[in-house]
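What follows is the residue order along each chain.
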Amino acid sequence: MSTVHMKPSLEGTYAAMARELQDEEEDDFQDACESIPPQPGTVMDLETSLLEANQALDLFFNNRFAEARNILKPWASTSMYHSVGTSVFACLEAVLTFEPQHILDAAAALKVCLSVCNRHRRKVTISEQLGKTFKRPNYEMYTALEAHAELCAAEALLMRAVITLIEDETLTSLIKSGMKVRACFGSYKECSVMLNRIKWPSAETRLHFESGVRVGVGGFNLLVSLLPARVIRLLEFIGFSGNKEVGMRELLAGFHLKGLRQVLCVMGLLGYHLIVCYVLSHKEGDLAFCDEILEHQLQVYPNGVCFLFLKGRLEFMRGNLEEATHWYKKSWRSQTVWPQMHHVCFWELLWINSLRQQWREALLYATNLLDHSRWSRTIYTYQKAAILMQIPEEDLTPDERRSIEFLMRDAPLHKQRIAGKSIPLEKFVVKKCDRYFAQGRFLLLAAVELMYIWNMFKILGRHFHLADGVLKLIDRVTADDKMPRSRFDADNRALAHLLKGACLKQMKSPLQALKHFEAVVAMHKDIKEDTYLIPYAIVEIGLIYADQGKRESAIMALEDAKKNFTGYSLESRLHFRIHLALTDLRNHQSQKDS
């Protein structure tokens, strides 16, 4: 089975690192055990634990969360699959809520889980441990239970990496989290080798193990392959790299296996085609394939909040805005246990209404997110102000006019730092808030700019009238009598050109779009603050060249934006798009040459 590339001599080292990290997690094991029920008097066999884990998974994806917990919790201190399932619940609550108590509960559950996994893992002597650095162990000696313990430990370690990062958002935690991810990666690599070496007692135990290996190896390959080149170089330096084709192939294989973790492969594939492709790249996802998957998944999980949401996302990406609205509303109304899932739907509904220029409806969702979501108060505050500013001045109430100024003053106060670093979009927002006051309480097309940043203009291409409506809005707002003068005139004119070019590109007018993007580049000496507009315009030029079949010109433009510009807002976001575009162009040329 193809896997993520790693130097063979490092595999044993990383597996040993995984074991050491898991041993560290057991220091407070006794304290953690106090929060779970006493151990049952009997021991559950592997086949039964897999069967019950599968039942719990089915209940979970049909929103029957309490029933799923009731299956898992009684055996959480003895059965590794029950313990992993219990940890998944705890980690989801921690990630969705960011509540300190939920984070502590997740950390405690994972300590128990890693201890349970270690009890079932094969005992390794010191000489064997040293030998693993230079050669692989004899996996033919492993039992099915020991193999599954390695796999469950890798999953638990990956969850622990996430919790470590949100538990303490410092550089030290980031390093610790990275070490856990690397160790987890090594464990998955070991498991991929085990798969064909172990004498499996039944087809089921192999099937469920293989589905776990496929999702782990596939997920790592796909995730790493999406990262910008400079990040990949760093990852290669510490021992591994990713391959998109391998990642997709592994996830597809796991999807067809019908094993315990098949649904995770499904989520990975849908997430890539429906979210990653549309947020981080210029390309389209395979919507026909997603439709095929979702048709089946909604038969199995007709009330599942995740699949109802993804069905909404599919229709959104198709440009079927009424259908998307229906499915998003159905998703958030399907359960009340995790209101955070409602917020994800509200986020999408906000942009659907923004694309339609239904600003009052968008404002309802922006207000709800600001009042109830804990994700980023800075972004939500600015977002609400931006939507209010799109409503014509004469239609605003006096309270709404005052609230814009309050929101713009309030947004920077909530800026966060993770591992000592500011969130790029929050830094962008803070600059925009400062500009609002520097320009005499004015920002140009703030909500439309956010639509562009979130790559929502792709949806405009599905409906000419929507793109034309946004283009007319830009023309109306940037008319000479509507634009207040300031030292940022060039910045505002450049933004208007970029947004017009993006609209015209979606309206299938590439030559007119090029003129606007080239106008942005020509203004590079005059732009005071919004320097991000220049590399973004150059990338748009490169993508138009790519669409026209001018491969060399496209690569030159993309490489220009990549190498000759730095230190601008939202740089990492653009580098994702550049990396994926260059990869596609070069892969296409390689296929032609072969």
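About the cut-offs
- Residues numbered from 1 in each chain as written.
- Predicted model: local features only at pLDDT ≥ 70, side-chain atom pairs only at ≥ 80, totals over all residues.
- Heavy atoms only, no water.
- Core = buried A, V, L, I, M, F, W, Y, C linked by side-chain atoms within 4.5 Å.
- Buried < 20%, exposed > 50% of the residue type's maximum accessible area, 1.4 Å probe, protein only.
- Contact = heavy atoms within 4.5 Å.
- Phe/Tyr/Trp six-rings, centres within 6.5 Å; stacked < 30°, edge-to-face > 60°.
- Lys NZ or Arg CZ within 6 Å of the ring centre and 35° of its normal.
- Helix = DSSP H or I, 4+ residues; strand = E, 2+ residues; numbered from the N terminus.
- Expected span 1.5 Å × (residues − 1).
- Polar contact = N/O pair within 3.5 Å; in protein donor to acceptor, adjacent residues only side chain to side chain.
- Patch = residues over 30% accessible without salt bridge, like charges linked within 9 Å, V, L, I, M, F, W, Y side chains within 5 Å.
- Areas by Shrake-Rupley, 256 points an atom, 1.4 Å probe, with all protein chains shown as cover.
- Salt bridge = Lys/Arg side-chain N within 4 Å of Asp/Glu carboxyl O.
- Axes fitted to C-alpha atoms, helices over the stretch in contact; angles between N-to-C directions.
- Parallel < 35°, antiparallel > 145°, perpendicular 65-115°, else oblique.
- Left-handed = near helix turned anticlockwise from the far one by under 90°.
- Nonpolar A, V, L, I, M, F, W, Y, C, P; charged D, E, K, R; others polar.

**Digging into the nonpolar core**
One finds L270, F307, F316, W351, Y382 and F457 to be the most contacted residues of the largest nonpolar core, which totals 142 residues. When neighbours within four sequence positions are excluded, F457 is seen to be in contact with V448, M451, Y452, V470, L499, A502, C503 and Q506. Among the nonpolar cores identified, the runner-up in size contains 48 residues, and C91, I103, A109 and V213 belong to it.

**Here we look at the packing of aromatic side chains**
Inspection of the entire model under this criterion finds 28 aromatic pairs. Aromatic side chains F60 and F61 sit 5.1 Å apart centroid to centroid with 85° between the ring planes, which places their arrangement in the edge-to-face category. Residue classification places F60 among the buried positions, given a relative accessible area of 14%. Among the residues examined, F61 registers a relative accessible area of 6% and is labelled buried. With centroids separated by 4.9 Å and ring planes inclined at 80°, the aromatic side chains of Y436 and F437 adopt a geometry described as edge-to-face. A relative accessible area of 5% places Y436 in the buried class. The partly exposed category is assigned to F437, whose relative accessible area is 24%. An aromatic cluster is built from F60, F61, F65, F89, Y301, F307 and W338, whose rings are joined through pairwise contacts. The residue whose ring lies beneath K258 is F255, and the NZ or CZ to ring-centre distance is 5.7 Å. Its end group placed over the ring of W454, R573 keeps NZ or CZ at 4.6 Å from the ring centre.

**Examining helix α17 (residues 339-355)**
End to end, α17 covers 25 Å across 17 residues, agreeing with the expected 24 Å (1.5 Å per residue, within 8%). Among the 17 residues in α17, 15 count as buried, and that is most of the element. One or two residues past the end of α17 sits Q357, with phi positive at roughly 60°.

**Thoughts on the side chain of S422**
Residue placement: S422 occurs in strand β4 (residues 421-422). Within the local environment of S422, its side chain forms a polar contact with the side chain of K415, the two groups lying 3.1 Å apart. Look past the residues within four positions of S422 in its chain and what remains in contact with it is K415, Q416, R417 and K427.

**Brief notes about a nonpolar patch on the surface**
Taken together, V95, F98 and V162 make up a surface patch of nonpolar side chains, about 220 Å² in accessible area. Relative to the helices and strands, V95 resides in helix α5 (residues 80-97). Since its relative accessible area comes to 37%, V95 is described here as partly exposed.

**With respect to the packing of helix α10 (residues 203-226) against helix α12 (residues 244-257)**
Here α10 crosses α12 at 150°, and the two axes come no closer than 7 Å. Between α10 and α12, the crossing angle belongs to the class labelled roughly antiparallel. The element α10 and its partner α12 pack so that their crossing is left-handed. For the pair α10 and α12, contact is made by L207, E210, S211, R214, V215, V217, G218, G219, N221, L222 and S225 and by K244, V246, G247, M248, E250, L251, A253, G254 and L257, respectively. Per-class residue counts for the contact of α10 with α12 are 9 nonpolar, 7 polar and 4 charged.

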